[in-house]
Amino acid sequence: MITTMNRAFLLLTVAVLSVDAAVAFLHPQVLLKASKVGVSEKMEIFKSAQPTSTILEAHHRREFLSALVGSSVLPQYANGIMTDETLSFATPSLDSSYTQQSPAGSVSSANSSVAAAAPTDEITFTITKTELQNMKGGFGLELGEVEFRTNFRVVVKSVTPNSLAERIGVQKGWIVVSVNGADGERTDASGVATYFSRAVKSVLNDPDGSDEAKMTLTFRDPSVFRSNLNNLTSNEQVSTKVAPAGDTTQRYADGTLRPGATVTEQQDQVVSVSQLIAPTMCKRKATTDDLLEISYIGTVQDTGAIFDGSAVKINGEAVPGRGNDISIFFVLGKQPFGQFPPGWDVGLESMCVGERRRIIIPPVLGYGSVGVPRRGIPPNATLQYDITLVSLNGLATP
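Residues numbered from 1 in each chain as written. Predicted model: local features only at pLDDT ≥ 70, side-chain atom pairs only at ≥ 80, totals over all residues. Heavy atoms only, no water.

Colleague: I'm lost on the state of the cysteines in this one. Help?
Modeller: This model, assessed by the stated rule, comprises one disulfide. For Cys282, the disulfide goes to Cys352, at an S-S distance of 2.1 Å. Negative torsions about the S-S bond denote left-handed disulfides, and the value of about -85° found for Cys282 with Cys352 makes this one left-handed. Within this pair, whereas Cys282 is found in the loop between strand 11 (269-277) and strand 12 (291-300), its partner Cys352 is found in the loop between helix 11 (343-347) and strand 17 (356-361), the two being separated by 70 residues in sequence. (Disulfide = S-S within 2.5 Å. Helix = DSSP H or I, 4+ residues; strand = E, 2+ residues; numbered from the N terminus.)

This is how it looks when you write it as structure tokens:
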């Protein structure tokens, strides 16, 4: 239901901002001037302002709209305090899965900085100088690339029979993570081949028996993370790296910055999943295309502040459109982009009815370097979701 306040905001937005570009191209000086005059004069300034080449960011648009229509008609949930109302919304007839809470002691402490977990699906090999000297016909790897939009990963396309790679156990389909410390996830197949050639030459030129007379190769086996999720227990945490640390600046192919870009970096982006409450029994596990009903609460890991949940209030008021529901529904692996956190598709795989999991979402799968300040999510925030699977394809039975 649209409240009177929201309806007024909507009408003003349509009337005044029917052409969004008119606001997008207003010069900052116009905003400054508009903030110091009356409402009628604000309208005249808006009508007379000439577009410029300066594109204002979203917060500039909001400032202008605030100055134009007044803060009384803007949404009042900015910087509001969100509370978990799962227990107060519940009724005695509800199954206990709907009101399941995280065990005491499992909630992240506020104002604590939590380091990203180490990936549990990586395999590292150490190869000695002697092994390299005795290999015949090369190492025995054929590399390829897998692309997704603007990202790609270098993968093992094939392993030559009777080669050194086969003998130490490298498998087809593995992702190259690093070669002697050089990041294999920020280059292409040719780059990894160059890293490998340099590493081999370096080892062969080092004195026998020295610490440098060996090379390390690290791979990621995608099947390990899926297998770990399928066999998840309350005594373990499984993790996988979805993006490597390093420069994330938007650049052209020649390395120059794109217009408006600034130099940015990120830490390793790791998704972690742990089991908070085990199911009493499980005959069927969630997989892609299943309809999941879940109850959840989302918090900022560093601060412990609640920013989302299936049953929440903001500043003590119910969220419009929620109807005091305790759970939500979505299709695993098929949700529209942006509707739900993409980390859910990763972390809820193989989940059982009655099970509660904790999913740690890195910034790259959350709200990135911008964050959502009005919801208490700072830039580069790691998010934590505690989620219970209430029903699977409409059935609340295990």
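After that view, the rundown keeps rolling.
Colleague: Help me out: how do you make sense of a nonpolar patch on the surface in this one?
Modeller: A cluster of nonpolar side chains, Leu291, Phe329 and Val331, forms an exposed patch at the surface whose accessible area comes to about 230 Å². Positionally, Leu291 belongs in strand 12. The exposure class of Leu291 is partly exposed, given its relative accessible area of 33%. (Patch = residues over 30% accessible without salt bridge, like charges linked within 9 Å, V, L, I, M, F, W, Y side chains within 5 Å. Areas by Shrake-Rupley, 256 points an atom, 1.4 Å probe, with all protein chains shown as cover. Salt bridge = Lys/Arg side-chain N within 4 Å of Asp/Glu carboxyl O. Buried < 20%, exposed > 50% of the residue type's maximum accessible area, 1.4 Å probe, protein only.)

Colleague: I tried to follow the environment of Ser96 on my own but got confused; where do I start?
Modeller: With respect to the secondary-structure elements, Ser96 resides in the loop between helix 6 (86-89) and strand 2 (122-128). With 294 residues separating them along the chain, Ser96 and Val390 place their C-alpha atoms 9.0 Å apart.

Colleague: Before we go on, may I ask you to explain helix 9 (residues 189-205) in this structure?
Modeller: Note: α-helices contain 3.6 residues per turn, so residues at a spacing of three or four share the same orientation. In this model, helix 9 (17 residues) spans 25 Å end to end at C-alpha, consistent with the 24 Å of a helix rising 1.5 Å per residue. Residues Ala189, Gly191, Val192, Phe196, Ala199, Val200 and Val203 constitute the buried set of helix 9. (Expected span 1.5 Å × (residues − 1).)

Colleague: I would appreciate a short explanation of unusual backbone geometry in the present structure.
Modeller: Residues apart from glycine generally show negative phi values, whereas peptide bonds are mostly found in trans. One non-glycine residue, Asp289, adopts positive backbone phi at about 85°. Summarising the element assignment, Asp289 is placed in the loop between strand 11 and strand 12. On the accessibility criterion, Asp289 (49% relative accessible area) is partly exposed. A positive phi angle, near 55°, is found at Asn315, a position not held by glycine. In this fold, Asn315 is placed in the loop between strand 14 (312-314) and strand 15 (317-318).

Colleague: Please clarify how the packing of aromatic side chains should be interpreted in this entry.
Modeller: Centre distance and the angle of the planes are the two values used to describe a pair of aromatic rings. Using the criterion set out here, one finds 11 aromatic pairs in the structure. Measuring from centroid to centroid gives 5.8 Å for Trp174 and Phe219, while their planes differ by 50°, and the two rings are tilted. Taken together, the residues span a long stretch of sequence, with Trp174 in the loop between helix 8 (164-168) and strand 5 (175-179) and Phe219 in strand 7 (residues 214-220) at a distance of 45 residues. Overall, Trp174 belongs to the buried group, its relative accessible area being 8%. With a centroid separation of 5.5 Å and an interplanar angle of 85°, the aromatic rings of Trp344 and Tyr385 are classed as edge-to-face. With a gap of 41 residues between them, Trp344 in helix 11 and Tyr385 in strand 18 (residues 383-392) connect regions that are remote in the sequence. (Phe/Tyr/Trp six-rings, centres within 6.5 Å; stacked < 30°, edge-to-face > 60°.)

Colleague: Would you mind going over the side chain of Ser102 with me for this structure?
Modeller: In this structure, Ser102 sits in the loop between helix 6 and strand 2. Reaching out from Ser102, the side chain makes a polar contact with the side chain of Arg356 at a distance of 3.1 Å. Here the side chain of Ser102 touches Asp386 through a polar contact of 2.5 Å, side chain to side chain. Among residues more than four places away in sequence, those in contact with Ser102 are Leu276, Arg356, Arg358 and Asp386. (Polar contact = N/O pair within 3.5 Å; in protein donor to acceptor, adjacent residues only side chain to side chain. Contact = heavy atoms within 4.5 Å.)

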